[in-house]
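# What the coordinates show
Okay, here's what each chain looks like letter by letter:
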Amino acid sequence: MKYKAEIFDKLQYLYEVTGFNDHQVHCVIDLENNLDESVMKEAASLLVSVVPILARVYKNEGRNSYWEDVDSTDGKDLFTIVYKQEDFDRFTFSKTNEEAGPQIKICLLRSDRDSLSIVMNHMVSDGGGFKQCVYLLADIYTNLIRDPDYKPDYIIDGERSFKRIIKKIGYFSRLKILLFGRKDNNQSSECEFSLSQSKEVSPFIVTHEVEATIFRKIRNRCKSDNVTVNDVILTAYFRTLSEFMNMNGREFDIPNMIDMRKYLENKNFTALANLASTVIVRIAVTEGERFSQTLHKVNGLMNEKKSDYLGINTFLKLYLLQKIFHNKYYSVLQKGLKNPKICMTNLGIIDSKKLLFQNSPTTNAIMCGSIKYRPHFQMSLSTFNDRMTLCVNLYGDKSDYNTISNFLASVDNELKSFADSSRQ
């Protein structure tokens, strides 16, 4: 059976075509002890049966692209066991094959304390949906440990279109946003992060953990200063980028991803979909400017945008593109697509209460987005039990890896300076 591909499915596919990223999302979970590998294999199999799009294959036919059911396979590409860290890392940096399926794959690293790596095709879902899938995998595994004959009595295969969010907004409000709203969308920029020009590149993910004590201080400061944790992280990112790119007080943009599920009345996991949009913050960091001054600018702009249906503009423009150009919208989209050179995504808190594998507690978990192609640069972050991890994913070389490691350490220093100061 065939299923229409949604516009965000096609957009993610085009990100690979246009050299932006490899359209995958990644999760690494560290466990306190060992999992039952046979049960985890069965849990992975049940996951793709419960969420059918994970078992489908993608047929690229431009505007008429679709997903298609396939005969069940032996599952060898779905679940893998490795015994070496380098094999585990190689898996984490790898890609799914949308044309062959499945759209998710799971790797178990066997050691004194096991780890799981999960890679999913970004075409089927954004980070918010990915998080729901990971929770569901843990839940299925736990139920199988308790009852080996467990079979989920539900299917998650509902509406995947972003139009269900637009439906919540009245016609005149839509018109007002299109005519007078802020024109947030991904766009190219003249500003680039300095990366190598080497032709010998490989995929990697650089991670940097912010101490839990620092994160808790940041969270407490945010409450007293009436700003968000995301405002503070974005401020640290702006300040560090401005220094590394030698901006000298010039303005530049940072697109920031937003989970649009907040507009849904029913936030239950009923469909795996891409429901993320973008908000763009544009400021300059002047020489000698204090952290609090930069934060004031970032927070002020974010508050303005939040009062005006944050993120909806992008959805409305894509909806209008389909309506106006109809048969030609895919070619218009492909020709007009401008990939941002600099961006940020906050995947938020990974809920430790939902990431429970029976008899094997989770000690840490990290989620991050796609691996970027130069010259594109993105910092992502996720938080588990007050441990915030900064990530940059790139196809680059060793010098890029070292540059990025230094960059993330500088972002951390900015965050520490905010956390440890009474007022700046």
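Relevant structure appears above.
Below, the structure is looked at part by part. Remember, it's a predicted structure, so these values are computed and weren't measured experimentally. (Residues numbered from 1 in each chain as written. Predicted model: local features only at pLDDT ≥ 70, side-chain atom pairs only at ≥ 80, totals over all residues. Heavy atoms only, no water.)

Looking now at the overall build of the chain. Secondary structure summary: the chain contains twelve helices and 15 strands in total. Against the compact-globule benchmark of 22 Å for 424 residues, the chain has a radius of gyration of 21 Å, which places it among compact chains. Principal-axis analysis of the C-alpha atoms gives the chain an extent of 60 × 55 × 45 Å. Counting 56 positive and 53 negative side-chain charges, the chain places the centres of these two groups 7 Å from one another. (Helix = DSSP H or I, 4+ residues; strand = E, 2+ residues; numbered from the N terminus. Rg over C-alpha atoms; globule rule 2.2 N^0.38 Å. Lys, Arg positive; Asp, Glu negative; His and termini not counted. Charge placed at Lys NZ, Arg CZ, Asp CG, Glu CD.)

Attention shifts here to the packing of helix α10 (residues 312-325) against helix α11 (residues 329-336). Viewed as axis vectors pointing N to C, α10 and α11 meet at an angle of 130°, and their least axial separation amounts to 8 Å. Between α10 and α11, the angle is such that the two are oblique. Counted together, Leu318, Leu321, Gln322 and Phe325 of α10 and Tyr329, Val332 and Leu333 of α11 form the full contact between these two elements. (Axes fitted to C-alpha atoms, helices over the stretch in contact; angles between N-to-C directions. Parallel < 35°, antiparallel > 145°, perpendicular 65-115°, else oblique. Contact = heavy atoms within 4.5 Å.)

Next up on the list: helix α2 (residues 37-50). Two residues of an α-helix separated by three or four positions point the same way, owing to the 3.6 residues in each turn. Along its 14 residues, α2 runs 20 Å from first to last C-alpha, staying within 8% of the 20 Å computed at 1.5 Å per residue. Inspection of α2 places Val39, Met40, Ala43, Ala44, Leu46, Leu47, Val48 and Val50 among the buried residues, and these make up the whole buried set. Summarising the contacts, the buried residues of α2 are in contact with β5 (79-82), β6 (104-109), β7 (115-121) and α4 (127-146). (Expected span 1.5 Å × (residues − 1). Buried < 20%, exposed > 50% of the residue type's maximum accessible area, 1.4 Å probe, protein only.)

Locating Asp412 in the fold gives a position in helix α12 (residues 398-420). Under the relative-accessibility criterion, Asp412 is labelled buried at 4%. Setting aside chain neighbours within four positions, we find Asp412 in contact with His208, Glu209 and Val210.

This paragraph deals with the nonpolar core. With 124 residues, the main nonpolar core has Ile29, Leu54, Tyr237, Leu241, Leu355, Phe357 and Met379 as its most contacted residues. Looking at this core, the element that brings in the most residues is α4, giving ten residues. In contact with Met379, other than residues within four places in its own chain, are Ile233, Tyr237, Cys343, Met344, Thr345, Leu390, Cys391, Val392, Leu408 and Val411. (Core = buried A, V, L, I, M, F, W, Y, C linked by side-chain atoms within 4.5 Å.)

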